[in-house]
Amino acid sequence: MKNYVLTPGPVPVPEFVMLEMAKPIIHHRTEEFEAIFSKATEGLKKVFMTKEEVLILASSGTGAMDAAISNTLSKGDKALVINGGKFGERWLKICKAYGVETIEHKVEWGHAVQPLQIKEILKGNSDIKAILVQASETSTGVEHPIKDIAKLTKDRNDIILIVDGITAVGAFPVEFDNWGIDILIGGSQKAFMMPPGLAFIVLSQKAWEFSKKSDLPKFYLDLTQAHKNSLKKTSPWTPAVTLVIGLNAVLGYFDKIGLESLFKRHAILSEATVEGFKAIGLENFAEGCTSTALSVIKAPEGVDASLIIKGLKEKYGMIVAGGQDQAKGKIFRITHMGYVDKGDIIAVIAGVEGILSELGHKFDSGAGVAKATSILDKL
Ligand SMILES: Cc1ncc(COP(=O)(O)O)c(C=O)c1O
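Residues numbered from 1 in each chain as written. Predicted model: local features only at pLDDT ≥ 70, side-chain atom pairs only at ≥ 80, totals over all residues. Heavy atoms only, no water.

S.K.: Hey, could you go over the side chain of Thr138 for me, with residue numbers and the actual values?
M.R.: Tracing the backbone through its elements, the reader meets Thr138 in the loop between strand S6 (136-137) and strand S7 (142-143). Here Thr138 falls in the buried class, since its relative accessible area comes to 7%. In this structure, Thr138 is in contact with Pro8, Phe87, Thr167, Leu294 and Arg333, ignoring residues within four places of it in sequence. (Helix = DSSP H or I, 4+ residues; strand = E, 2+ residues; numbered from the N terminus. Buried < 20%, exposed > 50% of the residue type's maximum accessible area, 1.4 Å probe, protein only. Contact = heavy atoms within 4.5 Å.)

S.K.: Explain the pairing of strand S3 (residues 78-83) residue by residue, including any values.
M.R.: Here S3 lies mainly inside the structure; six of its six residues are buried. Where burial is concerned, the two faces of S3 agree: the one with Lys78, Leu80 and Ile82 and the one with Ala79, Val81 and Asn83 are both buried. Pairing of S3 with strand S4 (residues 101-106), which is carried by six bridges, proceeds in the parallel orientation. Among the inter-strand pairings, Asn83 is bridged to a residue of S4, identified as Lys106. Crossover handedness for the path S3 to helix H4 (residues 86-98) to S4: right-handed. (Pairing = 2+ DSSP bridges. Right-handed = clockwise from strand over helix to strand, strands pointing away.)

S.K.: How would you summarise the pattern of salt bridges if you had to cite specific residues and measurements?
M.R.: In the structure shown here, the tally under the stated rule is 19 salt bridges. Here Glu20 makes a salt bridge to Lys23, at a shortest N to O gap of 3.0 Å. In this structure, Lys212 and Glu209 form a salt bridge, with 2.8 Å as the shortest nitrogen-oxygen distance. On the criterion of helical spacing, the pair formed by Lys212 and Glu209 is a turn pair, its members being three residues apart in helix H8 (residues 205-213). Several salt bridges share partner residues, and in doing so they unite Glu42, Lys45 and Glu53 into one network. (Salt bridge = Lys/Arg side-chain N within 4 Å of Asp/Glu carboxyl O.)

Worth remembering: the numbers are spatial, not functional.
Given below as structure tokens:
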């Protein structure tokens, strides 16, 4: 049976990227690798929509989240954390580990934060040094309104906006320079359609000013060191050579198809999935604020989502993700990032229809596939 990895990270990697990474290893302190490294950082600037240097870290996304805090804040600083899911929670945990004080703004799962509420919190707490938020909260499938949040911080020198764009960058536009974001993070195993192992992070000039005053401990993920080295086309430590080579293949492909068509592709896959499931009565979890990087679908009333997930794996070889905490057993999550195409989306909807029939759930059989197929024709 074929394996379909349809989780919102790691995602399927195209063959042309795997083949590029299968080539013999090269040494990193060479002109050959320096050219590869600098080509990658230049290519990343386009995807991050910035003129600033995008740093490549040998870590998973969490490493860059950790670095964002340890490099810009100080012990006792106050940060406003937007917590609307598991990754919002992660910001809280990292702050706690570093002794950064937090004001937690809880957002109901499946909903986006309201910038007006942030504005009110900032009014009452003029000493907040940073806002920490996800552009795409992968545990709920919500896109938070980063552009509007940035309007609250971009003209102030005493506060930075730190955005986890791990399932946003490359999937939909997050305009770092134009919107005035201060830190933006991406991850290789998401829309960059690569294996896990690289994180990307970019800092605004304001964030670099913050870094000069930051007193939190840092060594391996000292971004000032990474920045200095990156400007010299290298990294302070041994880089993940093979992954950087793969990254260049991906960025070359992005260049060829253009960012607009990349974003449009995610949007069409998202619309087809959401509407396909709606046609068989399954609701979208993040109505009105859907991240196009993934679909988070509610299991029908009375059906445990874990049975759908188990059935997909055992019967069709399809791996999708479940929900955590309050969403456990209630939702399943499907990627639109990575090497995912029309056939994958049609197959997973057909698979869910098959499992639901077996479970005795009544619905208009075939309607999900028919609806999705009609939308996927736009691709
Ligand atoms: C929005 C978001 N933030 C952070 C992370 C953590 O990244 P990693 O698992 O690469 O450390 C993920 C990974 O799933 C994510 O989707």
